[in-house]
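# Overview (structure and organization)
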Amino acid sequence: MTTHPNDPSLRSFIEVDPSSDFPIQNLPYGVFSTAANPTPRVGVAIGNYVLDLWELEQDSRLDVGALGVFSGPSLNAFMALGPKVWTRTRARISELLRHDDPELRDNDELRRQALVPMRDARLHLPFAVSGYTDFYSSKEHATNVGVMFRGKDNALQPNWLHMPIAYNGRASTVVVSGTKVKRPRGQLKPPNVEVPSFGPCKRLDFELEMGVVIGQPSPIGGMLTESQAEEMIFGFVLLNDWSARDIQQWEYVPLGPFLAKAFATSISPWVVTREALEPFRLNGPAQQPVPLDYLRQARPQNYDLELDVSLRAAGANSPTRISRTNFKYMYWSSVQQLMHHASSGCAMNVGDLLGSGTISGPEKNQRGSLLEISWNGTEPVELPGGARRSFLEDGDSLVMRGWCQGSGYRVGFGEVEGTILAAD
């Protein structure tokens, strides 16, 4: 009997620290290159190494169909092969990495070629983003924002409890972790001035989100069942949807966010598969009123996934945690978001990215944006050394991390980091 890749007892012949994000139970996919071989190709993270899948494919250790699926600069060709191939490939990679399987363990030449120290790898955007949609699915976040701008009695808009709210963002400005983010420019009109001006954003913010990576298409004009939507999800990434709050405040009426959310969206370089997260499924918050039939779920679709945000102020030596929350608090699940997205007949494509929306929990220390943490600038964050932040300043660096904690191991995402550069 073959051991399931999620089995907590599995061990790799590669030593992996229990606190590592990348044990054999994870095996997230990414795209990397090295100085010795600058051509981007597909790899899997295992401990402090990247396993080069193109080397394994060339050596006939991995067979996913036509040769060259893992030789390209994105995961799209592999994702297009579908869930059965994803499952079979993950099981095969797990087998090759097991401590008791000699095939790779005892092949010194293949190990030398296929196992790249993480420190020597340059990580790239893991997939070609076909389209990008950002949701607004945390009840706590939506309530906080509503209280700030509309008052406690009108915090949630009437439609919010009936469907996942979203807007279509820009796939062209999705960037990989480590890419510096230039402060955006735009029209600004504070409430106390008569006419707008044009200039750099003064209220730059982050948004702590998870990104859903769509690995299978759906036809135009169709709809999706719960099981169909679930099978289309290849995996998840950490996502920071940078936000220019002052630009958004002036532009969003009547059609919603536009340039305030179009300048940069950062994602982590590793895509953690839906299968790796399977042991951490749980039910989300009770939904009241009961969703319409096309949005109902028959099984748990949320995940017990810890999330952490740290801010290193410009000039500071070390970061400070400013938020700690969990993906489990999301009111609308990723599957519901996808079902709703397709329900009008909207076609989905391989490589589509769905942002969860800002993830906030019920406690003050669980808020997923500076807008909430500083309560729109009225309660600045106190940082070591006397620094204070209501919104992000030039030179500030923000790091998000996420992981699911298993018994003696964790399934993690690494991190997504971005540093703010001054506007030109």
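Whatever comes next refers back to the structure up there.
Scope of this entry: the structure provided in the associated data block.

Moving on: the overall build of the protein chain. Broken down by element type, the protein chain carries 10 helices and 26 strands. Taken against the 2.2 N^0.38 rule, which gives 22 Å for 424 residues, the C-alpha radius of gyration of the protein chain at 22 Å falls within 12% of a compact globule. Oriented by its inertia axes, the alpha-carbon framework of the protein chain measures out at about 70 × 55 × 35 Å. For the protein chain, with 424 residues in total, the buried portion stands at 54%. Split by element, the accessible area of the protein chain, about 18,300 Å² in all, is 51% carbon and sulfur. A distance of 3 Å separates the average location of the 40 positive side-chain charges in the protein chain from that of its 47 negative side-chain charges.

Taken together, five strands build an open sheet; the order of strands is S9-S26-S25-S20-S21 and the sheet is mixed. Single-partner strands in this sheet number two, and they are strand S9 (181-182) and strand S21 (320-326).

Here Arg410 lies in strand S26 (residues 410-421). Side chain to side chain, Arg410 and Gln405 meet in a polar contact 3.4 Å long. With residues up to four places along the chain from it excluded, the contact list for Arg410 reads Pro18, Ser19, Ser20, Asp21, Pro23, Trp403, Cys404 and Gln405.

What follows deals with the pairing of S26. The two faces of the sheet receive side chains in turn, since in a regular strand these alternate between them. Within S26, 10 of the 12 residues are buried, which leaves the element mostly enclosed by the surrounding structure. Bridge count for S9 against S26 is two bridges, and the pairing is parallel. Of the residues in S26, the one forming a bridge with Lys182 is Leu421. Across eight bridges, strand S25 (residues 397-405) lies against S26 in antiparallel orientation. Within S26, the residue paired with Leu398 across the bridge is Gly418. Between S25 and the antiparallel strand that follows it, S26, lie four residues; Gly408 among them carries a positive phi value of about 85 degrees.

Parameters at a glance
- Residues numbered from 1 in each chain as written.
- Predicted model: local features only at pLDDT ≥ 70, side-chain atom pairs only at ≥ 80, totals over all residues.
- Heavy atoms only, no water.
- Helix = DSSP H or I, 4+ residues; strand = E, 2+ residues; numbered from the N terminus.
- Rg over C-alpha atoms; globule rule 2.2 N^0.38 Å.
- Buried < 20%, exposed > 50% of the residue type's maximum accessible area, 1.4 Å probe, protein only.
- Areas by Shrake-Rupley, 256 points an atom, 1.4 Å probe, with all protein chains shown as cover.
- Lys, Arg positive; Asp, Glu negative; His and termini not counted.
- Charge placed at Lys NZ, Arg CZ, Asp CG, Glu CD.
- Pairing = 2+ DSSP bridges.
- Polar contact = N/O pair within 3.5 Å; in protein donor to acceptor, adjacent residues only side chain to side chain.
- Contact = heavy atoms within 4.5 Å.

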